[in-house]
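# Examination of the molecular architecture
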Amino acid sequence: MKFMTLPILFSALGIVGTSARKPSGQQQLSAALGAGFEATGIAQIETSLINLAREKSTPDSSTLESIAIIQQYINAMKADVLERASDTQAGLNQSWHNLVNCRLNLTDASSNLSILNATHRDCSDAESTMGSQYLNCLNTCETECSSSQAVCDQYCTVNIPDMPSPSPSPGPGTCHFADTVKGDDEVGTYKEWDSNLIYERWAHYFNGLYSDWTAKRNSCRNQVTTMQNCYQHCASTHGTFYATKKQECTDHQYDLEAAACHENSAVCQAYQGCFGSLTETYQADVDSARASQASWYSEYRGIQRVVCLLGAFNASVVSGADLTAALNTCQSTVFDPCAEERSLCLDIYPSPQMESCNGTYSNNTLRPGSSAWIEAFYTGMPNMTTWEACGASCCASGGPEPPTPSPLPSTNCSLCTNESF
């Protein structure tokens with residue numbers, strides 16, 4: 001704030017003395033005013049006022065006019081000190097605000113993590129769709145397998161008929177069986193037959209058994225082929241693509257975790273640089289503010305004493321109060337600037353503590369593989385999908401284990417155990 005040049009003003013008011021030997025009180029006051037409104041100037045004004053009061057126990061009109069002018073300037077000086085205190089507090093508040101807003105935020109370290117998380121989720125949705133299609137196909141084969149088993153059971157429970165054909169064909173009257181055979185012309189334990197008729201009957205009987213067994217065997221073979229084709233269709237149409245997509249999604253998960261290790265490490269380093277720099281700035285601002293506060297404390301105490309002296313002069317004129325006693329009271333009083341103006345006492349906030357972060361998640365809960373990480377990124381995985389064990393370099397130890405996926409139905413139909421087709 002700029003003040004009027006006081007020596008010119010007081011010269012115009014006739015306050016400047018002319019004695020060259022010993023300055024009068026008014027001359028001392030004029031010199032003090034010329035020194036400006038610094039702390040030394042205020043002290044000189046205070047001394048000059050006291051000396052002036054000793055010279056003139058009853059202030060004359062010229063002194064009262066000088067006092068009125070001084071009062072205006074003291075008021076302006078008070079306003080200047082208060083403005084400087086307010087500006088200092090505002091700057092200090094801004095410096096502290098900058099510091100406390102330098103925060104460590106690893107929840108979403110960068111947009112790249114959001115992109116990678118979305119990619120992993122999209123892949124999991126596709127994996128879920130493919131898994132459902134593969135499961136439905138296998139369930140269809142499993143249903144068909146039950147029907148095929150009923151067909152093959154008719155074959156699998158029958159032994160291969162043991163029926164060697166006689167060669168050469170028997171002639172008439174030849175006995176072929178040592179054991180008794182029921183029929184006509186039975187003699188002892190031998191049977192004489194008409195070889196053509198009996199052989200035809202014998203061959204027809206065993207041919208029937210063999211034909212029935214062959215038909216059942218062929219039917220089972222057809223069912224086996226049908227089931228092999230069913231499972232091969234599921235594998236080639238759905239299973240291979242499902243397995244490929246599952247591995248792709250696992251790779252996306254690993255990309256997300258690896259990026260978190262790298263990017264959150266970078267976030268830690270950026271935070272540490274930000275916090276360290278702003279802490280130094282805030283501490284420097286605090287030191288500067290305290291020095292300024294000490295200066296205006298001294299300055300404002302001087303202002304308060306001068307105001308007290310001016311009040312003593314006015315009181316002696318208005319009410320005839322004892323000027324000497326009032327001046328002594330002003331000199332002995334220890335003024336407290338903050339008691340009069342609370343804004344002169346700075347609010348200095350303590351510096352916050354740096355958050356723990358060394359770039360490797362050792363002190364951070366949102367770390368790949370940790371419970372917080374699983375909850376943040378893998379909650380609500382689609383049907384037939386799950387997250388895998390953490391595969392990055394900074395994985396947390398002792399985190400949750402991935403859930404065990406539900407097993408798929410068998411990918412084959414074992415229709416017959418006594419023969420391989």
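Only a predicted model underlies this, so the values are computations on that prediction, with no experimental measurement involved.

About the cut-offs
- Residues numbered from 1 in each chain as written.
- Predicted model: local features only at pLDDT ≥ 70, side-chain atom pairs only at ≥ 80, totals over all residues.
- Heavy atoms only, no water.
- Helix = DSSP H or I, 4+ residues; strand = E, 2+ residues; numbered from the N terminus.
- Buried < 20%, exposed > 50% of the residue type's maximum accessible area, 1.4 Å probe, protein only.
- Areas by Shrake-Rupley, 256 points an atom, 1.4 Å probe, with all protein chains shown as cover.
- Contact = heavy atoms within 4.5 Å.
- Core = buried A, V, L, I, M, F, W, Y, C linked by side-chain atoms within 4.5 Å.
- Disulfide = S-S within 2.5 Å.
- Phe/Tyr/Trp six-rings, centres within 6.5 Å; stacked < 30°, edge-to-face > 60°.
- pLDDT = per-residue confidence, 0-100.
- Arc of directions from axis to C-beta.
- Polar contact = N/O pair within 3.5 Å; in protein donor to acceptor, adjacent residues only side chain to side chain.
- Salt bridge = Lys/Arg side-chain N within 4 Å of Asp/Glu carboxyl O.

Assigned secondary structure in the protein chain consists of 9 helices and 2 strands. Each helix (α) and strand (β) of the protein chain, taken in turn from the N terminus, gives the series α-α-α-α-α-β-β-α-α-α-α. The proportion of buried residues among the 421 residues of the protein chain is 35%. Put simply, the protein chain shows about 23500 Å² of open surface, and 52% of that area lies on carbon and sulfur atoms.

With that out of the way, let us pick up the side chain of serine 148. Mapped onto the secondary structure, serine 148 falls in helix α5 (residues 111-156). Setting aside its immediate chain neighbours within four residues, serine 148 contacts Gln223, Met227 and Leu415.

Moving on: the nonpolar core. Membership of the largest hydrophobic core comes to 37 residues, with the highest contact counts inside it found for Leu49, Trp296, Ile303, Val306 and Leu310. When residues of this core are traced back to their parent elements, those giving at least two are α3 (39-55), α4 (61-100), α6 (195-318) and α7 (323-332). Looking at this core element by element, the count peaks at 16 residues for α6. Of all hydrophobic cores here, the second largest spans 18 residues; its members include Cys152, Cys220, Cys230 and Cys234.

This part covers the state of the cysteines. Summed over all chains, the structure comprises 8 disulfides. The partner cysteine of cysteine 308 in its disulfide is cysteine 330, sulfur to sulfur 1.9 Å. The sign of the -80° torsion about the S-S bond sets the cysteine 308-cysteine 330 disulfide as left-handed. One end of the pair, cysteine 308, is in helix α6; the other, cysteine 330, is in helix α7, with 22 residues separating them in the sequence.

This paragraph deals with unusual backbone geometry. Comment: phi is negative for the bulk of residues other than glycine, and the bulk of peptide bonds are trans. The backbone of methionine 384 shows a phi angle near 65°, a positive value even though the residue is not glycine. Here methionine 384 shows up in the segment after α9 (371-377).

The tally for this structure, following the rule as stated, stands at 6 aromatic pairs. Ring geometry for tryptophan 96 and tyrosine 349: centres 4.8 Å apart, planes at 40°, overall tilted. Of this pair, tryptophan 96 sits in helix α4 while tyrosine 349 sits in the loop between α8 (337-340) and α9, and the two are 253 residues apart along the sequence. Under the relative-accessibility criterion, tryptophan 96 is labelled partly exposed at 25%. Centre to centre, the rings of tryptophan 373 and phenylalanine 377 are 4.1 Å apart; their planes meet at 35°, and the pair counts as tilted. On the criterion of helical spacing, the pair formed by tryptophan 373 and phenylalanine 377 is a turn pair, its members being 4 residues apart in helix α9. Taken individually, tryptophan 373 and phenylalanine 377 each receive the classification buried, so the pair is uniform in this respect.

Before going further, it helps to spend a moment on the confidence of the model for the protein chain. Across the protein chain, the average pLDDT comes to 75, with 70% of residues at or above 70. Across the protein chain, α9 holds the top mean pLDDT of 89, while helix α1 (residues 6-12) sits lowest at 37. Counting interchain partners and residues more than four positions distant, the pLDDT-below-50 stretch residues 1-37 has 71 contacts. Counting contacts from residues 167-194, a segment whose pLDDT is below 50, to residues more than four positions away or on other chains yields 30 contacts.

Within the span of α7, buried status applies to Leu323, Leu327 and Cys330. One side of α7 carries all its buried residues, which in axial view fall inside an arc of 60°. Residues of α7 that are exposed and point over 90 degrees away from its buried face: Thr324 and Ser332. Put simply, aspartate 322 is the residue that caps the front of α7, since its side-chain oxygen is 3.1 Å from the backbone nitrogen of threonine 324.

Time to look at the side chain of glutamine 253. Within the element layout of this structure, glutamine 253 appears in helix α6. One polar contact links the side chain of glutamine 253 to the main-chain carbonyl oxygen of glutamate 388, over a distance of 2.8 Å. In this view, glutamine 253 contacts His120, Tyr378, Trp387, Glu388, Ala389 and Cys390; residues no more than four positions away in its chain are not counted.

Close approach of charged atoms allows side chains of opposite charge to pair. This structure, assessed with the given rule, holds 7 salt bridges. Two residues, arginine 84 and aspartate 80, come together in a salt bridge whose shortest N-O distance is 3.2 Å. With a gap of 4 residues between them, arginine 84 and aspartate 80 both fall in helix α4, about one helical turn apart. With relative accessibility at 31%, the residue arginine 84 sits in the partly exposed group. With a closest N to O distance of 3.2 Å, glutamate 248 and lysine 245 form a salt bridge. Taken together, the residues span about one helical turn, with glutamate 248 and lysine 245 both in helix α6 at a distance of 3 residues. Its relative accessible area of 16% is what places lysine 245 among the buried residues. The network of salt bridges with common partners includes Asp80, Arg84 and Glu299.

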